[in-house]
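# What the coordinates show
Spelled out from the first residue to the last, the chains are:
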Amino acid sequence: MASTNQNKALTNTRFSDLEPRLAEPVLEALTNSGFEFCTPVQAATIPLLCSYKDVTVDAATGSGKTLAFVLPVVEIIRRSSSNPKPHKVMGIIISPTRELSSQIFHVAQPFISTLANVRPMLLVGGLEVKADIKKIEEEGANLLIGTPGRLYDIMERMDILDFRDLEILILDEADRLLGMGFEKQLNSIICRLPKLRRTGLFSATQTEAVEELSKAGLRNPVRVEVRAEAKQLSGSASGNSTSSKTPSGLHIEYLECEADKKSSQLVHLITKNKSKKIIVYFMTCACVDYWGTILPRLSCLKSFSLISLHGRMKQSAREKALASFTALSTGVLLCTDVAARGLDIAGVDYIIQYDLPQDDKMFIHRVGRTARLGRQGSAVVFLLPKEEAYVEFLRIKDVFLEEGECASDAPDIIDEVRIKLCHISLSPCFVVQILSFL
Ligand SMILES: Nc1ncnc2c1ncn2[C@@H]1O[C@H](COP(=O)(O)OP(=O)(O)OP(=O)(O)O)[C@@H](O)[C@H]1O
């Protein structure tokens, strides 16, 4: 009898069931990596991209988006030419951070290696651009995976690369790439690519803005939207199913805290969760440096592994920090939003948002570093009492938290905040924006 999967985050569709059928070597590589059943986003997206459709994909954090684009990229290159000339670029995958590009490169490696003569190249900042140029000149590059800045730089400097037959462009964390910060480089990259190509936009916080889609040159894209099933919200009509942008195994709490008590609360939360693997998000690189210096000096945290990561560290230090934290079973990563999007770090149980994110979308990406692919995880966000909506909510709901205690007895509290905020007219503030995402 055919077996079905035991993981609720997976569908009963096997990779070998997908149509058009994936090539045998890819199916073998999937089996060797322990992947048998597709996640919902993979089951929906892989057949579309493999049938030459453009897609915009919006699915929760940790839902398996990486394989949902990596497999079609490999398939499309295989069909087009499994033996391209050394400097003929067939595909490009762009993501906003060095760490994420590097992760994608490594996830893709076993599948790309089924294409014997296709050379992938990781192009990220922080390392000498001359070394990249030399490598491309000598070895060639058929699939570029990297960050917009370095890709742009390489395209500016290297006429040798031929993009005329490019088949597929993937923008991971597309809202970040298209919405802010990377316009110049991205426009310049996209302008050089043939219009007749496939394009895929992926994110957990996708926007529908037409102008953004047209910036990426999509043609009649199919929109794939996969939401996690959420618990029934109290106060909503019975029988209504709900869906959530955050994974179903994620439990989110808030902690009301005066500014001058935040530091002691942070230490308290870290020590209380000693047996967990924790990520703490701060607003700036300077904050990470500050806490990275202070916390290890506290006697109560002497036995803790505390690792700092931010964008102003040297590339080698960034890589070392991420590798060290990944290898830990318990420990604390102190970081900025450079580690908020896309990173797939095994075993993260707990997310602490010491500072609210500057970009409200980042809330989802931060908490999404835990509870990935059907696992459980929890997250806490520090909120100041002055936050009007929050205080008003406490008054209306008659929910009072002991000062300094986490809201662990109020499991659906954030959902209830959202519902209540719909019913009372409060002046918009950042907290409202954040909560509206949940
Ligand atoms: N079909 C599958 N079967 C088992 N595990 C899978 C499958 N697809 C992906 N995974 C695992 O699920 C985890 C999350 O996948 P991935 O990093 O692609 O998520 P994501 O949707 O890109 O998340 P984010 O939005 O945070 O970038 C990874 O550890 C990956 O190996």
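Residues numbered from 1 in each chain as written. Predicted model: local features only at pLDDT ≥ 70, side-chain atom pairs only at ≥ 80, totals over all residues. Heavy atoms only, no water.

### Describing the site of the ligand
The ligand sits among 20 residues. The nearest are Phe37, Gly62, Lys65, Thr66 and Asp344. A distance of 2.7 Å separates a nitrogen atom of the ligand from a polar backbone atom of Phe37. A distance of 2.8 Å separates a nitrogen atom of the ligand from a polar atom in the side chain of Gln42. When the ligand sits alone it has 640 Å² of accessible area, and the protein chains cover 87% of it. The element that contributes the greatest number of residues to the shell around the ligand is helix α3 (residues 65-80), accounting for three residues. Residue composition of the shell around the ligand, by class: seven nonpolar, eight polar and five charged. Two domains each put at least three residues into the shell around the ligand: domain 1 (24-226) and domain 2 (250-436). (Near = heavy atom within 4 Å. Polar contact = N/O pair within 3.5 Å; in protein donor to acceptor, adjacent residues only side chain to side chain. Areas by Shrake-Rupley, 256 points an atom, 1.4 Å probe, with all protein chains shown as cover. Helix = DSSP H or I, 4+ residues; strand = E, 2+ residues; numbered from the N terminus. Nonpolar A, V, L, I, M, F, W, Y, C, P; charged D, E, K, R; others polar. Domains from an automatic or database assignment.)

### Details of the nonpolar core
Among the nonpolar cores identified, the biggest contains 41 residues, and Phe15, Leu22, Leu30, Leu71 and Phe111 are the most heavily contacted of them. For this core, the secondary-structure elements that each account for two or more residues are α1 (24-32), α2 (40-50), β1 (55-59), α3, α4 (98-112), β4 (143-146), β5 (168-172) and β7 (222-226). Broken down by element, this core gets its largest block of residues, nine residues, from α3. (Core = buried A, V, L, I, M, F, W, Y, C linked by side-chain atoms within 4.5 Å. Buried < 20%, exposed > 50% of the residue type's maximum accessible area, 1.4 Å probe, protein only.)

### Remarks on the environment of Pro296
Among the structural elements, Pro296 can be located in the loop between α11 (285-294) and β12 (306-309). When the C-alpha positions of Pro296 and Ala108 are compared, they lie 37 Å apart, and in sequence the two are 188 residues distant. In this structure, Pro296 is in contact with Trp291, Lys302 and Leu306, ignoring residues within four places of it in sequence. (Contact = heavy atoms within 4.5 Å.)

### Regarding the side chain of Thr199
As for its position among the elements, Thr199 is in strand β6 (residues 198-203). The class for Thr199 is buried, based on a relative accessible area of 0%. At 2.9 Å, the side chain of Thr199 forms a polar contact with the side chain of Arg197. Leaving out residues up to four positions away in the same chain, Thr199 has contacts with Leu49, Asp54, Val55, Leu169, Ala216, Gly217 and Leu218.

### Focus on the domain arrangement of the chain
The domain architecture assigned to the chain consists of domain 1 (24-226) and domain 2 (250-436). At the junction of the two partners, domain 1 supplies 21 residues and domain 2 supplies 17 residues. In this structure, Arg341 and Asp175 form a salt bridge, with 2.9 Å as the shortest nitrogen-oxygen distance. Counting every contact that joins domain 1 to domain 2 gives eight residue pairs in polar contact (both at pLDDT 80 or more). Secondary-structure elements contributing two or more residues to the side of domain 1 that touches domain 2 are α4 and α7 (174-179). For the side of domain 1 that touches domain 2, the element with the highest residue contribution is α4, accounting for four residues. The residue makeup of the side of domain 1 that touches domain 2, split by class, is five nonpolar, 11 polar and five charged. (Salt bridge = Lys/Arg side-chain N within 4 Å of Asp/Glu carboxyl O.)

### Re the sheet that holds β7
Reading across the sheet, the seven strands line up as β3-β4-β2-β5-β6-β1-β7 and stay open at both edges, with parallel pairing between neighbours. Here the strands that pair on one side only, and so sit at the sheet edges, are β3 (120-123) and β7. This sheet shows a mean twist of 10 degrees between the axes of neighbouring strands, independent of strand direction. Where β3 lies against β4, four bridges are found, and the strand directions are parallel. Looking at the pairing, Leu123 lines up with Gly146 of β4. (Pairing = 2+ DSSP bridges. Axes fitted to C-alpha atoms, helices over the stretch in contact; angles between N-to-C directions.)

### Concerning the sheet that holds strand β15 (residues 377-383)
Spatial strand order, β10-β15-β14-β11-β13-β12: six strands in an open sheet with parallel pairing. Sheet topology places β10 (250-256) and β12 at the edges, where each strand pairs with a single neighbour. Looking at each pair of strands side by side, their axes are set apart by 20 degrees on average, direction ignored. Where strand β11 (residues 277-281) and strand β13 (residues 331-335) come together, five bridges link them in parallel fashion. Bridge assignment links Ile279 to a residue of β13, and that residue is Leu333. Strands β10, β11, β13, β14 (350-353) and β15 of the sheet are contacted by helix α10 (residues 262-272), whose axis makes an angle of about 170 degrees with β15. Strand contacts of helix α12 (residues 315-327): β11, β12 and β13, with the helix running at about 140 degrees to β12, the strand carrying the most contacts.

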